[in-house]
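The residues making up each chain are set out below.
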Amino acid sequence: MGEYMSDIYRSACPLDCFDGCSFKVSVENGIVKRIDGDKNHPFTGGFICSKGRGLANKIYGPYRLQYPLLKRNGEFKRITWDEAYDIIVEKLDYIKRNYSTLSVAHYYESGSGGLLRNLDNRFFNLYGGVSECSGSLCWGAGNRAQTLDFGIPLSHKPEDMLNSRLIVLWGRNPVFTNIHLVPYIEKARKAVAKVVLIDPLRTASAKLADYYYSIRPGSDASLALGLSRMAIERGKEDKDFIGTHTRGYDAFVEGLERYNTEKVLNDTGLSNAELNELANMLIGHRPSTCYIGYGMQRHINGGYAVRAIDALWAVLGNIGVEGGGVNYSHRLMSRFVGEDEFYANGRAANKREFLRGEMAVFLEEADPPIKALFVTKANPLRQVPDTNRLVKAMNGIDFKVTLDVFMTDTCRASDMVLPVTSFLEEEDIIYTTMSRTYLNYAEKVIDRIGEARPEWEIFADIAERMGIEGFPHLTSEEWLKIALKPLEEYGITLDKIKHGYIEPPGSPDIPWQDSFMTESGKFEFLNPEVYKGEWDEKGYSYYLITPHPKDSLHSQGYLDIYGLPSVYINVGEAKRLGLKAGDKIIVSSPYGEISGLARPTDTVPSDVVMIYEGQYGINKLTPIATADLGGQAAIYDVKVNIRRM
């Protein structure tokens, strides 16, 4: 890019977050000096959080990868790109000839956003199809649930809160995870809306709420179904909406029979006064909007829970109206990226899938066996459940390659590490499907650091050396035009995205005003009789909750932190156990144990232990279990004990 003077470039946050911030990046002499928000962005309006602002220094930090590395005698040695490519080509050719392309596994996630970062999938499809991860560690059960209920998950514009009389934050902690939603909540609250927080933990978002209800982990479905029954028994259901726009209502009502007050109180831990107060608010304050967080779906009945909340909102007629809606995600953009042209999905002769949450089991039992593992945009040794088992399973793989911007736990466990460019070193389009937001253009801001290369260039190089057709050496702009081609019929082009902020087409201000995208064209009630079952771990006392911290997204804020994590326990329990702040303790589950530091607090119930996710070792405690929908890892279905070290 030549000599730099002081200048400001347009970019966007690559973190997998609700808000989808746009950046203005200040550069002096080729060095990023500051990242600020873009005041012209319709949603984020110029404000960014500490996670986004901190990326300016992080890309120059000590954990930044700059050169290809190969492990020799247990230590990484720097090698050239040619050497790296030669080794990879030899391994992939050998596996394809002597085993099957299915003996290559590809694990990927959303560790760094950007359309072009998804071109890794194109390579593995052109190679012949591999063993590819599916399902979700985070939100899949809820997405599948809303697909069954509505046809696709869609969210209201945040401005629509001003039309709400009641805002329910159900497991959502916007103060930590969705900061740009907070001003809308505050504005609506000052107008007319009451705000309710439903969460096992008294999170930082309790300060936004007029009412807070602490429920037992995993009891969300029981509460929602019990509230539906109470509304119907009082004759407060919206008969017109139900009769005209829904299907399956009679079976739904029949299935509510067992969700009587006694069961709901026993399941949730609420008092009778609290349950009736909440029911009265929902019935008496319509329209009401609900924002669901990403926690409840990590239980074995997680999809069922989201469907139960959707059904409650339908019973009350809060669907398809101003000020209403159940806001979980906004999955429109995923319908418009060219599947075959961009990902080459039709070129995979073979393909098998394994659930992300069951990665360890798959690697142990795969037939044909896994001989090579490629990891992109992910750090499974921090995020996948039952870390101890996963480490053993990965140790049994002959050849492991991780592509990343930074040195992670998964990189350290690999045989080869390839350095990829950061979001500031390449042009891309970045967006989120977690909420209503916009397509953000991210221009190339600085030159590549060290010898880092983008994923799409690395895989194009490997494809060329292997004689694989269909992965040409195109420019970033050429690849982006291919990816965005399905949007052209809506008048959306790369050039327009470069010069403005555009929502994906078909984003109505008020979803479901006319019809639904289900096969029936109606809202689909769940059948409450379809229930995967309870879970119980006898001998363990505390539910383990691992929510998102304020200053890190998953493990990305803990790259250089290997100290003992803070373990938050109820003050009364701490006193009973004789524990003081800072005492060293052991947290154990049926799957493993970790050391930590006791942090007594009144924000955690007496039957809960809370540790912020992403920290080293946390998933030694979590189970390999799968929820009812979406291939969701049920990592919250675990209990633990604590004892002094």
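Scroll up to find the structure this text is about.
The following paragraphs examine the structure supplied in this document.

Reading guide: rules and limits
Residues numbered from 1 in each chain as written. Predicted model: local features only at pLDDT ≥ 70, side-chain atom pairs only at ≥ 80, totals over all residues. Heavy atoms only, no water. Axes fitted to C-alpha atoms, helices over the stretch in contact; angles between N-to-C directions. Helix = DSSP H or I, 4+ residues; strand = E, 2+ residues; numbered from the N terminus. Parallel < 35°, antiparallel > 145°, perpendicular 65-115°, else oblique. Left-handed = near helix turned anticlockwise from the far one by under 90°. Contact = heavy atoms within 4.5 Å. Nonpolar A, V, L, I, M, F, W, Y, C, P; charged D, E, K, R; others polar. Patch = residues over 30% accessible without salt bridge, like charges linked within 9 Å, V, L, I, M, F, W, Y side chains within 5 Å. Areas by Shrake-Rupley, 256 points an atom, 1.4 Å probe, with all protein chains shown as cover. Salt bridge = Lys/Arg side-chain N within 4 Å of Asp/Glu carboxyl O. Lys, Arg positive; Asp, Glu negative; His and termini not counted. Charge placed at Lys NZ, Arg CZ, Asp CG, Glu CD. Expected span 1.5 Å × (residues − 1). Buried < 20%, exposed > 50% of the residue type's maximum accessible area, 1.4 Å probe, protein only. Phe/Tyr/Trp six-rings, centres within 6.5 Å; stacked < 30°, edge-to-face > 60°. Lys NZ or Arg CZ within 6 Å of the ring centre and 35° of its normal.

On to the packing of helix H8 (residues 220-233) against helix H11 (residues 261-268). Packing of H8 against H11 brings their axes to within 9 Å, and their N-to-C directions diverge by 155°. With respect to H11, the element H8 is oriented roughly antiparallel. The element H8 and its partner H11 pack so that their crossing is left-handed. For the pair H8 and H11, contact is made by Ser222, Leu223 and Gly226 and by Lys263, Val264, Asp267 and Thr268, respectively. Tallied by class, residues from the contact of H8 with H11 come to 2 nonpolar, 3 polar and 2 charged.

As a further point, take the side chain of threonine 203. Mapped onto the secondary structure, threonine 203 falls in the loop between strand S9 (194-198) and strand S10 (211-213). For threonine 203, the residues in contact, after removing those within four places along its chain, are Asn173 and Leu197.

The subject of this paragraph is a negative patch on the surface. Negative charge collects at one region of the surface, where Asp250, Glu254, Glu257 and Glu529 lie side by side. Mapping glutamate 254 onto the fold places it in helix H10 (residues 249-255).

Under the 1.5 Å per step criterion, the end-to-end length of helix H19 (residues 455-466) is 17 Å for 12 residues, consistent within 8% with the ideal 16 Å. H19 sits mainly inside the fold: 10 of its 12 residues count as buried. Burial in H19 covers these residues: Glu455, Trp456, Glu457, Ile458, Phe459, Ala460, Asp461, Ile462, Ala463 and Met466. Those residues of H19 that are buried are in contact with helix H3 (81-98), helix H4 (120-127), strand S15 (372-376), strand S16 (399-404), strand S17 (416-419) and helix H20 (476-484).

Scanning all chains against the criterion turns up 27 aromatic pairs. On the numbers, 4.9 Å between centres and 55° between planes, the contact of tyrosine 294 with tyrosine 328 is tilted. Residue tyrosine 294 is located in the loop between strand S12 (288-292) and helix H13 (302-315), and its partner tyrosine 328 is located in the loop between strand S13 (326-327) and helix H14 (339-343); the two are separated by 34 residues in the primary sequence. By the burial criterion, tyrosine 294 is buried, and tyrosine 328 matches it. These aromatic residues form a ring-pair network of at least three members: Phe150, Tyr249, Phe252, Trp512, Phe516, Phe523 and Phe525. Over the ring of tyrosine 67 we find arginine 78; its NZ or CZ atom is 3.6 Å from the centre of that ring. When the ring centre of tyrosine 108 is taken as origin, the NZ or CZ atom of arginine 356, which lies over that ring, is 5.0 Å away.

Functional significance is not addressed by these values, which are geometric in nature.
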